[in-house]
Amino acid sequence: MNKLLLGRYIPGDSVVHRLDSRTKLISAVCFIVIIFLANHWQSFLLLWTFTFLTLYLTGIPLNIYIRGVKPFIWLILFAVLMQILFTGGGEIFFQWGPVTISELGMINGLNAFFRFTLIIFISTVVTLTTKPVELTDAIYFLVKPLKVFRLPVEEISIMLTIALRFIPNLFEETRKIIDAQKARGTEFGKGSVFQQMKTLVPVFLPLFVNSLNRAEDLANAMEARGFRPDMKRSSFRQFHWKWQDSFTIGILVLLTASIILIGLYE
Amino acid sequence: MKESPLPIIEVKNLSYRYDLRKNTDILSSVTFSVFKGEWLAIVGNNGSGKSTLARLLAGLLTPLEGKVFIDGIELTEKNKWQIRKKIGIVFQNPDNQFIGTTVEDDVAFGLENFNIPYNEMKQRVQEALQMVDMLKYRKTDPANLSGGQKQRVAIAGVLAVKPEVILLDEAFIMLDPKSRDDMLKTLKTLKEKYRLTIISITHDMNEAASSDRMIVLKNGKITATGTPGEVFSQDPELEPPLAEKVRRILHNKGRNVPDHFITEKELISWLQTLNS
Amino acid sequence: MVTDIKFINVSVDYRTGPLHSKNVLDNISLHIKPGTFTAVVGHTGAGKSSLLKTMNGLVIPKKGMVKIGDYSISNQPNQSLKNIRKRVGMVFQFPESQIFAETVEKDICFGPLNFGISPREAKEIARRVIKNVGLEPSCLHKSPFSLSGGEKRRVAIAGILAMNPEVLVLDEPGAGLDPAGKKEILSLLEKWNKKYRMTTIMVTHEMDDVARYADDVIVMEKGKIVFHGDVTSFFSDVERIKSWKLDLPETLKFQLELEQQTGIRLPEKCLTPEKLANALIEVGLV
């Protein structure tokens, strides 16, 4: 399995999979915002409970999510360490020059750890349970109002959709060309940086040329099938708002309110 | 073959040149008609101008000279968008014409462009997929389909728009022989059932031999036209289909064989009469 | 030098991104005789491409050993694959999509230069192989992207021949070409195979090509070899071919149709129209 989990869809039929992609996108954004409002252990307890419940509901094994955190582990540890070592306050356990290990530093470190992992977990939930094309649709829906500012929202959306469609082809082709040049005696990853750069030309050049040819074919096919960028199109992919979506949004409103209240009264 | 009096497509004195500085036409003064309900095969070598002709018929290129009439209306820069509802193309590369992220999305693409409302679209997508026997794959993404299956989806995408004419631009050349045969059979059945008009630009002489009418293009000019029997007897350079090959070999060996073009069916029944 | 290929209990796993397929080659043992023309047939996903890649060291067996003449590939670190790759020329499907250089000559020289041939010698080789693939030496200085599809493919194959391989493996070399272009390329392969006794292995879906060009046939199913023998014995059992869900050559298909409808029995399985015509004469029908 490829290491980076973000951006990979795992097909399934869970409650989370079936939620409207707009619901998932809005909820994730909202959740990430309130993560930064959270400052107390009660808040984090709430957030963790919500997160684990969501992870459980996706029906995707927990170890897949944990694997999703792994590539970021050094970044997280670095942030945590910075917090622990360089913020002071409260009871001081250890001091050496600018390095202070204090009670507040420990708490901040723990909070940073929580924030990072929660963000990764929740964004992974969205990408694992939502088809990329559905996410594009959701983004398109949310930025549609920007059309007032003459932003070509529709064109960008169809561009993104087509890009998503052809990413697997591009990977496949890259692999094939690499194999073909290996068979012609290229040794990748050997020699100086300059030599390694040189071995990439016979890979990227054909890839580029092939992509241009593909783009031309694609443009012809689209035009022949009646595509006009400036005309109104109907849409085959429809959003289906269900009570589960209203319910999810409701929970998030409650969650946000609780986090704010805890922040105010603790 | 029943020909209605009015042709569905009329091509008059069509010429085209990619490089205007040069004097060589890719197509020069091509004139022909296509009649409703027929299967017209256009054959010719590489560089004969076949693919250019396909692009001109779909309004993807603008002719240098000459006119194309589709369903009685002249194809112009202005009305090409309306006319595209009347003519659907299937291109040769299965991957590069698959636009949707799933089978049903792809079939719907043309309908979306013509702004068909959702409910009608849903029904038409389902019908079209049923016609090419791909309904069970409707949620599948293209990476999990074979070349033959992708071409079936491309045909469904064209059928969903309900065009007057389907143009196959070497649509089977990238497929293995078995998928090619299956696809031809499906199209033949659909053609009979829905009285479709099919123009097939092809290299496959067996396919051409099974068409209603053939046109041979050479260096941008029509050199022969007629039923497969007529064309294959007229043009000795054209590689004939199997049965005719066998007949010619026997003829060259001085055997007593029919002196005209022969199909597989005819060869079998002729041998049968000899046998009894 | 005429080279043979041996597979001894070879198993291969295949891994691309999230996909991990176990045993795409499942305990294969095989001997391809030197100088033969072998066709590899089977369904998509039967392991045909993996078989070819294993011969070139692009895929390393997890178990067993592959021997190309005196050189071998097995699952051990730090083995040099250069000797293998130099001897086994691999032509991928649609090889024209790997062309990258600004002139035909540079693209053809790419392989030889990688294997340490001097630039002067490489250019000489390019002049020779371009004629070998039936193109004019004058096109050496053209941009490969200005050529037609069939010509580009021949340039790509010339780039492999330039490495002077002893074995040529090809994945559907005729795919996507018109019949004339395909025939030209396959006839070239046949010529090199006969003239230089270059061991040739070709994956194909076209049974007519198997009948016309190959000496031997390998049938693959689910990572295993279910048949390896000469063309005559391969086509002798039609039921067996059907049980592998493979197609038949056009002439043979017609012959069966004819025999079934008329009750005529021809003395042998006819793979070409000439053979069919002769058989019809032989039974005294015409």
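This is a predicted model, so every value here is computed, not measured.

Undergrad: Give me the sheet that holds strand β4 (residues 65-70) of chain B: which residues, what numbers.
TA: All names here are of chain B. If you trace the four strands from one edge of the open sheet to the other, you get β2-β1-β4-β5, paired in antiparallel fashion. The sheet terminates laterally at β2 (27-34) and β5 (73-74), the two strands that pair on one side only. Contacts from helix α1 (residues 50-57) reach β1 (9-16), β2 and β4, with the element oriented near 120° to β1.

Undergrad: Help me get a handle on the sheet that holds strand β10 (residues 221-226) of chain B, residues and values and all.
TA: Residue and element names in this part refer to chain B. Read across the open sheet, the six strands follow the order β6-β7-β8-β3-β9-β10; overall the sheet is mixed. The open sheet is flanked by β6 (87-90) and β10, the only strands paired with a single partner. For this sheet, the mean angle separating the axes of adjacent strands, direction not counted, is 20°. Against the sheet, helix α6 (residues 177-194) engages β3 (39-43), β7 (165-169) and β8 (197-202), with an angle of about 140° to β3.

Undergrad: Describe the nonpolar core, naming the residues involved and giving the relevant values.
TA: Among the nonpolar cores identified, the biggest contains 53 residues, and Ile 108, Leu 168, Phe 234 and Phe 235 of chain C are the most heavily contacted of them. Here this core gets six residues from one element, more than from any other, and that element is helix α5 (residues 149-161) of chain C. Non-local contacts of Leu 168 of chain C, meaning those with residues more than four positions away in its chain, are made with Gly 89, Val 91, Ile 160, Leu 161, Leu 189, Trp 192, Met 198, Thr 199, Thr 200 and Ile 201 of chain C. Counting residues in each nonpolar core, the second largest holds 37 residues, with Leu 111, Phe 114, Met 121 and Met 134 of chain B among its members.

Undergrad: Can you tell me about the pattern of salt bridges, naming the residues and giving the values?
TA: One pass over the full model with this rule turns up 48 salt bridges over all chains. One salt-bridge network, held together by shared partners, links Glu 223 of chain A together with Glu 77, Lys 80 and Arg 84 of chain B.

Undergrad: Can you tell me about the interface of chain B and chain A, naming the residues and giving the values?
TA: Taken together, the contacts link 36 residues of chain B with 27 residues of chain A. Overall, the association of chain B and chain A removes approximately 2,900 Å² of surface from exposure, summing both partners, and the carbon and sulfur fraction of that is 54%. The three residues of chain B that bury the most area against chain A are Trp 81, Asn 96 and Ile 99 of chain B, which together make up 23% of that side's buried surface. Put simply, chain B and chain A have six salt bridges between them. Between Glu 112 of chain B and Arg 233 of chain A there is a salt bridge, with its nearest N and O atoms 3.1 Å apart. Where chain B packs against chain A, one counts 15 residue pairs in polar contact (both at pLDDT 80 or more). At the level of elements, α2 (80-83), α3 (103-113) and α4 (118-131) of chain B are the ones that each hand at least two residues to the side of chain B that touches chain A. Across the side of chain B that touches chain A, the residue classes tally to 16 nonpolar, eleven polar and nine charged.

Undergrad: Account for the interface of chain A and chain C, with residues named and values stated.
TA: Facing the 20 residues of chain A at the interface are 26 residues of chain C. Between chain A and chain C, roughly 2,000 Å² of surface is buried when both sides are summed, and carbon and sulfur atoms account for 57% of that area. The largest contributions to the chain A side of the interface with chain C come from Lys 176, Ala 183 and Arg 184 of chain A, which together make up 35% of the buried area. On the surface where chain A and chain C come into contact, there are three salt bridges. Between Asp 107 of chain C and Arg 184 of chain A there is a salt bridge, with the nearest N and O atoms lying 3.2 Å from each other. Put simply, chain A and chain C have seven residue pairs in polar contact (both at pLDDT 80 or more) between them.

Undergrad: An account of the packing of helix α5 (residues 73-86) of chain A against helix α6 (residues 103-129) of chain A is needed here, citing residue identities and associated values.
TA: Residue and element names in this part refer to chain A. One can describe the packing of α5 onto α6 by two numbers: an axis separation of 7 Å at closest approach and a directional angle of 155°. In terms of axis orientation, α5 runs roughly antiparallel to α6. Between α5 and α6 lies a crossing of right-handed hand. Note on element contacts: α6 touches α5 through Gly 105, Met 106, Asn 108, Gly 109, Ala 112, Phe 113, Phe 116, Thr 117 and Ile 120, opposite Leu 75, Ile 76, Ala 79, Val 80, Gln 83 and Ile 84. Broken down by class, the residue content of the contact of α5 with α6 amounts to ten nonpolar, five polar and no charged.

How each quantity is defined
Every chain is numbered independently, its residues counted from 1 as its sequence is written. Chain labels run from A onward and ligand labels from 1 onward, assigned in the order the entries are written. Local features in this predicted model are restricted to residues whose pLDDT is 70 or higher, and side-chain atom pairs enter the listing and the counts only when it is 80 or higher, whereas totals over whole chains, interfaces and linings include all residues. With hydrogens and water set aside, each side-chain value is computed from the structure's full complement of heavy atoms. Between any two strands, at least two bridges found by DSSP are needed for them to pair. Counting from the N terminus, the helices are the DSSP runs of H or I reaching at least four residues and the strands are the DSSP runs of E reaching at least two. Two residues form a contact once any of their heavy atoms are found within 4.5 Å. An axis is simply a line fitted to the C-alpha atoms; with a helix, the fit covers only the stretch in contact. Between two such axes, the angle follows the N-to-C directions and lies from 0 to 180 degrees. We call a set of buried Ala, Val, Leu, Ile, Met, Phe, Trp, Tyr and Cys residues a nonpolar core when their side-chain atoms join them within 4.5 Å. Exposure is judged per residue with a 1.4 Å probe applied to protein chains only, and the accessible area is read against the type maximum: over 50% gives exposed, under 20% gives buried, and values in between give partly exposed. Any Lys or Arg side-chain nitrogen located within 4 Å of an Asp or Glu carboxyl oxygen qualifies as a salt bridge. Defined here as a combined quantity, buried area equals the accessible surface (1.4 Å probe) lost by two parts on assembly, summed across both. Here a polar contact means two N or O atoms within 3.5 Å. Within protein one must be a hydrogen donor candidate and the other an acceptor candidate, and residues neighboring in sequence count only if both atoms are side-chain atoms. Charged means Asp, Glu, Lys or Arg here, nonpolar means Ala, Val, Leu, Ile, Met, Phe, Trp, Tyr, Cys or Pro, and polar covers whatever is left, Gly included. Put simply, angles under 35 degrees are roughly parallel, angles over 145 are roughly antiparallel, angles from 65 to 115 are roughly perpendicular, and the rest are oblique. By the definition used in this description, the sense in which the near helix is turned from the far one sets the handedness, with an anticlockwise turn below a right angle giving left-handed and a clockwise turn giving right-handed.

By themselves, these are just geometric observations and shouldn't be taken as functional.
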